[in-house]
Amino acid sequence: MNVVQLFPISVCIDKIPVDSDTKEYLKNQKYSKILYNGFPNGLISEDKSILDLDGCKQLKEQIQEKINDCVLNYYHVDFDGNFYIHRSWTIIHQPGNWSHAHSHNNSIVSGVYYLDCFPDSGAIKFYKPEGYLNNLSTGTISFQYNEHHEHNSETWSIVPKSGTTMLFPSKLKHSVDTNNSNETRMCLAFDVFVEGALRGDKQQDLVSLTLEKNWLLSRRENMYTKADLHRIISSHQQLEDEA
């Protein structure tokens, strides 16, 4: 039997060797406690543009290469512009820490790079989008399966290793399992946006997207504000058909 997999949701996995100097540089940055329901649940870097630091220049270039490979050589996006990292931060999960299910707003591609992880330090779990019926379930009838694989599961976990990079659509919900090891897990997360000319369905259609990077990320709050979002300008231009 031949099977054609239609409309998959892809997670692009690759590897960047961990540089010990860069890892120590990131460990020595300032961190704040992550609180979940009032209880400590890991540490997050205070700098939410951490890849822009001088000590991360080489790592940022390496991650950018993986992004370009994913969007241009895998997705084959026809785009006169750039996919660029507009947010980046590091997360430290000590034994017992975990991350709740979430997705990333105001972003197109999200990714994670693992600087330190160990057996039982926690897999990343992805969740099938609500209403995405890629198997025999109908929404009112749900089946049980005697063997699970990527095409009949509601969730899928991937166990990373140090140096693993993952890229996925920002809207894809994901969580991180509990760190059941005796070691500290450390990763670097990032979000990717675009600037440039987006082509429409017709050759004469063009959408020009221009972003002012200095206000796209609020340095004070390290997140988008309503005022920021209102300043994102998307202009649509219908080009004349010269034919």
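A short tour of the structure in this document, coming up. Just so it is clear, the model here is predicted, and its values are computed rather than measured. (Residues numbered from 1 in each chain as written. Predicted model: local features only at pLDDT ≥ 70, side-chain atom pairs only at ≥ 80, totals over all residues. Heavy atoms only, no water.)

**Considerations on unusual backbone geometry**
Leaving glycine out, the prevailing phi sign among residues is negative, and the prevailing peptide bond configuration is trans. Here Asn-37, not a glycine, exhibits a phi torsion of approximately 55°, which is positive. With respect to the secondary-structure elements, Asn-37 resides in the loop between strand S2 (31-36) and strand S3 (39-45). A relative accessible area of 64% means that Asn-37 is categorised as exposed. With a phi close to 55°, Asn-106 is a non-glycine residue in the positive phi region. (Helix = DSSP H or I, 4+ residues; strand = E, 2+ residues; numbered from the N terminus. Buried < 20%, exposed > 50% of the residue type's maximum accessible area, 1.4 Å probe, protein only.)

**What about the packing of aromatic side chains?**
Inspection of the entire model under this criterion finds 4 aromatic pairs. On the basis of an interplanar angle of 75° and a centroid distance of 4.8 Å, the ring pair of Tyr-74 and Tyr-75 is categorised as edge-to-face. Under the relative-accessibility criterion, Tyr-74 is labelled partly exposed at 42%. A relative accessible area of 40% means that Tyr-75 is categorised as partly exposed. (Phe/Tyr/Trp six-rings, centres within 6.5 Å; stacked < 30°, edge-to-face > 60°.)

**A look at the side chain of Thr-165**
Mapping Thr-165 onto the fold places it in strand S9 (residues 164-169). Look at Thr-165 and you get buried, because its relative accessible area is 6%. Residues in contact with Thr-165, not counting those within four places in the same chain, are Cys-12, Ile-13, Asp-14, Lys-15, Ile-16, Lys-66, Val-112 and Tyr-113. (Contact = heavy atoms within 4.5 Å.)

**A word on the state of the cysteines**
Throughout this description, disulfide means a covalent bond between two cysteine sulfur atoms. Taken as a whole and assessed by the stated rule, the structure comprises 0 disulfides. No disulfide involves Cys-12; its nearest neighbouring cysteine sulfur is the one of Cys-70, lying 3.0 Å away. Among the residues examined, Cys-70 registers a relative accessible area of 6% and is labelled buried. (Disulfide = S-S within 2.5 Å.)

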